[in-house]
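Descriptive analysis of the structure
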Amino acid sequence: MKTYIVEAPSNIAFLKYWGKANVDQQWPSGDSFSMTLNNAKTITRAQKSKANKDLVTIEGLTEGHRRAEKHLEKLRHLTGFKDHLVIESKNTFPAECGIASSASGMAALTIAALCAWTEAESFEDLQQHNFSREAVAHLARMGSGSAGRSLWGGFVHWQKGTEPSRQKLCQVYPPEKWQLCDLICVLSNKTKSVSSSGAHQAAWQSPLFPARLAVIPERLAMMRQAIEKKDLESLGTLLETEALEMHAVMMTGQPSVQYLSEKSIQFITWLREKRRQDGLPAWFTIDAGPNIHVICQSNQSVKIIEEIHARFNDIDIIEDYIGNGPQIKLTCD
Ligand code: PMV
């Protein structure tokens, strides 16, 4: 029996996807831009099932995976494939606490399912079956918006476009462009109380949301310019403004959603102070959770980890860096 093994990385959004213009078609309310990671990933095995239902196992558990099962149903509906699948999946990092496990998870599930259905062993094979990388990314984003960006390595742009069918996903720079690190500081690995898919809609009720949507094009242009120049100070300043703005929208939406914890605030206060006083070359961004992503240059990461641990000795740090994107392997039992 052929089993397809897909390793798909998570990604950290520099420009955040928050809020949907159309829920059914997963049309975002603005563009987003991310860096693909290397170590934080989901590994998913898929094979065709002899039964007439999917069997999904995640981290060894066979129950409670409605979101993955729904995505498989949606994929069958969108592609016309009929076979049910046996799926086994695990993460290399704690899931559902704001480290974008839905991005790597939905990307890995989408690629693995398509490989099992088409018997493709590579992205070139998928292309032969009319699934270009971008087509796969659009299917992945139907499971979780951010998953579409995990189809490439390096820096990736999800363009809103003028209507749902005109969205675009593409790699903007390859990973060699700039060796950036993401030190994922796990302040809490508890499952977050509100899933991001549930919270996206609350953004429309925030009085800050229209102002946020208006600045997205300019902020994206400035981020790209900072990456072009490898100007970490400019990029870092934009990253922090962007993350805090998204959390301000979350907190002022209806219902108000608060992902930041006391410890998150303590951490970012310390990081900013350390930068101001000692010139620590590190900036933060935050996804939909309390955990802090510290962005720095690769050659500074050892020193920065030491500084973090000297202040917060109980924090686990996942040391990650810019990665190459997903991989497909085939085994035959
Ligand atoms: O892909 P979703 O629906 O889990 O939303 C992800 C939202 C953020 O991670 C907070 C931002 C982003 O662009 O990844």
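1. A short note on the nonpolar core
Nonpolar side chains in soluble globular proteins tend to be buried together. By size, the foremost hydrophobic cluster in this structure holds 37 residues, and its most contacted members are I111, L126 and L151. Counting residues per element, the ones that place at least two in this core are β1 (2-15), α1 (66-79), β6 (85-91), α2 (101-118), α3 (123-128), α4 (133-141) and β7 (155-159). At eleven residues, α2 tops the list of elements feeding residues into this core. Ranked by size, the runner-up nonpolar core spans 29 residues in total, among them F155, L180, I227 and I295.

2. A word on the site of the ligand
Around the ligand, the structure places 14 residues, and the nearest of them are Y17, S144, S146, R149 and S196. In the model, an oxygen atom of the ligand is placed 3.3 Å from a nitrogen or oxygen of the G145 main chain. Here an oxygen atom of the ligand and a side-chain polar atom of H200 are 3.0 Å apart. Coverage of the ligand by the protein amounts to 97% of the 380 Å² it exposes when considered alone. Taken together, the residues that form the shell around the ligand break down as five nonpolar, six polar and three charged.

3. Examining the packing of aromatic side chains
The full count for this structure, using the stated rule, is ten aromatic pairs. Relative to F131, the ring of F81 has its centre 6.1 Å away and its plane inclined at 40°; by these criteria the two rings are tilted. You can see F81 sitting in the loop between α1 and β6 and its partner F131 sitting in the loop between α3 and α4, a full 50 residues away along the chain. Among the aromatic side chains, those forming a connected cluster through ring pairs are F14, F33, F155 and Y173. If you follow R133 out to its NZ or CZ, it ends over the ring of F123, 3.9 Å from the centre. Here the guanidinium or amino end of K160 rests over the ring plane of W27, the centre of that ring lying 4.5 Å away.

4. Side note on unusual backbone geometry
For residues other than glycine, phi is negative in most cases, and the peptide bonds are mostly trans. Note the cis peptide between Q254 and P255, where omega equals -5°. Inspection of the secondary structure assignment puts P255 in the loop between α7 (232-252) and α8 (262-278). The phi angle at E59 is positive, at roughly 50°, despite the residue not being glycine. Structurally, E59 is set in the loop between β5 (55-58) and α1.

5. Observations concerning the side chain of T44
On the secondary structure map, T44 appears in strand β4 (residues 32-48). Given a relative accessible area of 1%, T44 falls into the buried group. Apart from residues lying up to four places away in sequence, T44 is in contact with Y4, I5, V6, I87, E88, S89, A108, L109 and A112.

6. Let's talk about α2
Since the α-helix packs 3.6 residues into each turn, any two residues three or four apart lie on the same face. For α2, with 18 residues, the first-to-last C-alpha span of 25 Å sits near the 26 Å given by 1.5 Å per residue. Taken across its 18 residues, α2 has 16 buried, putting it largely inside the fold. Phi turns positive, to about 65°, at E119, one or two residues after α2.

7. Here's the deal with the pattern of salt bridges
Summed over all chains, the structure comprises 21 salt bridges. In this structure, the salt-bridge partner of R275 is E240, at a minimum N-O distance of 2.7 Å. In this pair, R275 is assigned in helix α8 and E240 in helix α7, connecting sequence segments 35 residues apart. A relative accessible area of 3% places E240 in the buried class.

8. Here's the deal with the environment of A140
Looking at where A140 falls in the secondary structure, it is placed in helix α4. For A140, a relative accessible area of 0% translates into the label buried. When the C-alpha positions of A140 and A108 are compared, they lie 8.4 Å apart, and in sequence the two are 32 residues distant. Ignoring any residue separated from it by four or fewer positions in sequence, one finds A140 in contact with H71, M106, A107, T110, A147, G148 and L151.

Reading the values: rules and limits
- Residues numbered from 1 in each chain as written.
- Predicted model: local features only at pLDDT ≥ 70, side-chain atom pairs only at ≥ 80, totals over all residues.
- Heavy atoms only, no water.
- Core = buried A, V, L, I, M, F, W, Y, C linked by side-chain atoms within 4.5 Å.
- Buried < 20%, exposed > 50% of the residue type's maximum accessible area, 1.4 Å probe, protein only.
- Helix = DSSP H or I, 4+ residues; strand = E, 2+ residues; numbered from the N terminus.
- Near = heavy atom within 4 Å.
- Polar contact = N/O pair within 3.5 Å; in protein donor to acceptor, adjacent residues only side chain to side chain.
- Areas by Shrake-Rupley, 256 points an atom, 1.4 Å probe, with all protein chains shown as cover.
- Nonpolar A, V, L, I, M, F, W, Y, C, P; charged D, E, K, R; others polar.
- Phe/Tyr/Trp six-rings, centres within 6.5 Å; stacked < 30°, edge-to-face > 60°.
- Lys NZ or Arg CZ within 6 Å of the ring centre and 35° of its normal.
- Contact = heavy atoms within 4.5 Å.
- Expected span 1.5 Å × (residues − 1).
- Salt bridge = Lys/Arg side-chain N within 4 Å of Asp/Glu carboxyl O.

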